[in-house]
Structure formats: structure tokens, C-alpha cells
Amino acid sequence: MVKGGNEWNKDIIEKLICLYRERPCLWKLNHEHYTNKAVKYRMYSEIVDALRDDLPEVDHISVKNKIQNLRSSYRKEIKKVEASLRNGRDEEIYEPSLWYFNLINFTRDQDRPLPSLSNLDDTNFDSCNEGMEEEPEQCIKVEKKAKFFKTPQPKKPRNELGKDLSSFIKSCTAVLSTPSTSTDDCDAFGNYIAEKLRKMDDNQQILAEALIQKIITKGLKKQLTDLTDFSEQISQYQHLVEQRNNNISPCVSHSQGSSISSAGTEYCKNTNN
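Here the structure is a predicted model, which is why all the values come from computation and not from measurement.

## Some remarks on the packing of helix α1 (residues 10–21) against helix α3 (residues 60–87)
Between α1 and α3, whose axes approach to 11 Å, the crossing angle comes to 95°. Comparing the axis directions of α1 and α3 gives the class roughly perpendicular. Packed against α1, whose contacting residues are Ile-13, Leu-16, Ile-17 and Tyr-20, the element α3 presents Val-63, Lys-66, Ile-67, Leu-70 and Arg-71 at the interface. Looking at side-chain class alone, the contact of α1 with α3 contains seven nonpolar, no polar and two charged residues.

## As for unusual backbone geometry
Of note in this structure, Asp-109 is not a glycine but carries a positive phi near 65°. Along the chain, Asp-109 falls in the loop between α3 and α4 (122–131). Of the residues examined, Asp-109 reaches a relative accessible area of 67% and is grouped as exposed. Its identity is not glycine, yet Lys-222 carries a phi of approximately 60°, on the positive side. For Lys-222, the position within the fold is in the loop between α8 (202–220) and α9 (236–245).

## Comments concerning the side chain of Arg-71
Locating Arg-71 in the fold gives a position in helix α3. A distance of 3.4 Å separates a polar side-chain atom of Arg-71 from the backbone oxygen of Gln-110.

## A look at the packing of α1 against helix α2 (residues 37–51)
Two quantities define a packed helix pair, namely the angle between the helix axes and the distance between the axes. It is at 10 Å that the axes of α1 and α2 come closest, and there the two elements cross at 150°. When the interaxial angle is binned, α1 and α2 end up roughly antiparallel. In this structure, α1 crosses over α2, and the sense of that crossing is right-handed. Two secondary-structure elements touch here, α1 through Ile-12, Lys-15, Leu-16, Leu-19 and Tyr-20 and α2 through Tyr-44, Ile-47, Ala-50 and Leu-51. Of the residues that constitute the contact of α1 with α2, the class distribution is eight nonpolar, no polar and one charged.

## Regarding the packing of aromatic side chains
Counting across every chain of the model gives five aromatic pairs. Relative to Tyr-100, the ring of Trp-99 lies with its centre 5.3 Å away and its plane at 85°, an arrangement referred to as edge-to-face. The class for Tyr-100 is buried, based on a relative accessible area of 5%. Each member of the aromatic cluster is reached from another via a ring pair, and the members are Tyr-20, Trp-27 and Phe-106. Taking NZ or CZ as reference, Lys-40 lies 4.4 Å from the ring centre of Tyr-34, over its face. Sitting over the face of the ring of Tyr-44, Lys-64 holds its NZ or CZ atom 5.1 Å from the ring centroid.

## Observations concerning the pattern of salt bridges
If you walk through the whole model with that rule in mind, you get five salt bridges. A salt bridge links Arg-23 to Glu-22, with the nearest nitrogen and oxygen atoms 3.7 Å apart. Residue class for Arg-23 comes out buried when judged on its relative accessible area of 14%. Close ionic contact of Glu-82 with Arg-108 constitutes a salt bridge, the shortest N to O distance being 4.0 Å. Of the two residues, Glu-82 sits in helix α3 while Arg-108 sits in the loop between α3 and α4, which places them 26 residues apart along the sequence. Note on Glu-82: relative accessible area 34%, which makes it partly exposed. Several salt bridges share partner residues, and in doing so they unite Glu-22, Arg-23 and Glu-46 into one network.

## Some thoughts on the confidence of the model for the protein chain
Mean pLDDT over the protein chain stands at 74; residues scoring 70 or higher make up 59%. Mean pLDDT in the protein chain bottoms out at α4, which sits at 42, and peaks at α1, which reaches 96. Scored below 50 in pLDDT, residues 116–149 shows 55 contacts in the model against residues more than four places distant or in partner chains. Here residues 249–273 is modelled with pLDDT under 50, and outside its nearest four sequence neighbours on either side it reaches 20 contacts, counting other chains as well.

Analysis parameters
Residue numbering note: each chain is counted from 1, following its sequence as written. Residues qualify for local features only when their pLDDT is at least 70, as the model is predicted, and side-chain atom pairs are given and counted only at 80 or more; totals for whole chains, interfaces and linings, by contrast, use all residues. Side-chain descriptors were evaluated using all non-hydrogen atoms of the structure, hydrogens and water having been removed beforehand. To obtain each axis, a line is fitted to C-alpha atoms, and for helices this fit is confined to the stretch in contact; angles are then taken between N-to-C directions over 0 to 180 degrees. Only DSSP runs of H or I reaching four residues or more are called helices, and only runs of E reaching two or more are called strands; each is numbered from the N terminus. An angle below 35 degrees is treated as roughly parallel, one above 145 as roughly antiparallel, one from 65 to 115 as roughly perpendicular, and anything else as oblique. Residues are treated as being in contact if the distance between any of their heavy atoms lies within 4.5 Å. When residue character is reported, Ala, Val, Leu, Ile, Met, Phe, Trp, Tyr, Cys and Pro are called nonpolar, Asp, Glu, Lys and Arg charged, and the others, Gly included, polar. Residue burial is assigned from relative accessible area. The probe radius is 1.4 Å, only protein chains are included, and a residue is buried under 20% of its type maximum, exposed over 50%, and partly exposed in between. The definition of a polar contact used here is a pair of N or O atoms within 3.5 Å, where within protein one atom must be able to donate a hydrogen and the other to accept one, and adjacent residues in sequence count solely through side-chain atom pairs. By definition, any crossing whose near helix is turned counterclockwise from its far helix by less than a right angle is left-handed, and any crossing with a clockwise turn is right-handed. Each Phe, Tyr or Trp ring (for Trp, its six-membered ring) is paired with any other whose centre lies within 6.5 Å, and the angle between the two planes then decides the class: stacked below 30 degrees, edge-to-face above 60, tilted in between. By the criterion adopted, a ring carries a charge over it if an Arg CZ or a Lys NZ lies within 6 Å of its centre and within 35 degrees of its normal. Any carboxyl oxygen of Asp or Glu within 4 Å of a side-chain nitrogen of Lys or Arg constitutes a salt bridge here. For every residue, the predictor states its confidence as a pLDDT score lying anywhere from 0 to 100.

Rendered as C-alpha cells:
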């Protein structure tokens, strides 16, 4: 590591870039020794030895880190230039402000592209570490970013999406418009009762619905039995009047085992007299 008063100045950085350029196996992707660790280690050792006069405490790590920082700043400048070129205006083309931009320009297009998610496996990360020794942190950044990559899904053409949607809507409409055919005896009996009620006048419909509701209520309460029947309730006085109209002696009503109301009794007395 570079310590104390030994710092990277402009002259030392220019010397480092020249030493780096003279050893293409460190930066040229298609070089035959680009992935050869032994050869690359020897090349870095030569650079370290050449810089020892200016930086006595320089080592492999400090050299690699410095090269990484230089190339990273260079890549940022390249992106700014490319972005300005896409705008298509000459007056807006970005002019690099990095003083060593032209010195390190030989590394342009010599960056390994980030692997896609489908290619990110242990083997690829190993080869990445072998091939990018001059940038030891780059593979770590790639590995972190890979966790957030998503495999792009193929998109359907608009016309196919329209056909699928149209088919789905038609299917839903057919299901909703088709009347239910699952009926049972209750449905049939209900339709029968409704048909009969329609033949009654309004007053009879009201009375019939009230009686039907009473029977249904008893059924829901589980109060219906085989002995349950429907009968009209007639008051005793009305019963006596009906007997009189039919010329039947009302006094025989005592034989039914029930008491006669005071009005009925009085009527019997008046009739006997």
C-alpha cells in the first residue's frame, strides 16, 4: 500500500499508464494471456518494481486499485461523450475534462460486458475474477447487481393480445347470459304457486300469501307434523247466525262440549220463548 508522503502525482500516474499500456495482456480482452494468472502476476510485479523509485511502499494491491480508479473515471467520461452524441447537436457534444483521457484511451472497448442473469453461475464468476484482475471490485459489483436482474419475458404482439382479450370477454358473456338449468322440485312447486296466485284477485293474493307464509314459518321452526292441517276459524256467534240461517236450533251447540257465549245463550232464550 502507498503510505505517508508517497502519493500518486501526475507524473507517476502518466508513468503507470505507460507501463500498463506496454503490457496488453493486462487489459486487452483477446490477448492470449489475458486469463493467465501467472503471466499477469509477473506483469504487475514488473510495474511495481518500475514504480518503487517514486513510491517505495507500492505493491500489487495499490497498483491494481489505482488502475481500477483510473479506468472507472475514464468510463464515466466515455458515457458522457456517448450521451451527448446521441443528442445529435454538435454544439452540445461533451468535451472530456479528465486530463489523462487520451493517455488511457487505449482501454476503450476493452471492458468485459456484464453477464446476463442466465449466465451468472459459479463458473462465470470464476472466469470473471480471472479475467479482471486489474479491477478486483468489478466482479463483486456485478454479483450484487445480478440479484436484481430479471429475465426479460417475451412480449406478445398487440394483435395476439387483442385476440386473447376478445376471446376471454366472449367466454364470460356466454356464461353470464346462459340461464341456469339446474332446477329441483322446489323450483317447480314455486312456479306452480306463482301461477295460481296470478289467477287470484289482489285481496285473495294477500290472504293466500299470508297463510303460505305461516306454513313456511312453522316448517322453518320444525313444527309441521302429519297431523298439521289447515282449517278456518269461525267465532261462536257467527256459527249461531249460520245455524239460524239454516233453520237449525242453535241450542244444540251444547252437545259439542264447549261453552256458549253470553250472546249465544241470550239468543237461545229468546228463540225458545
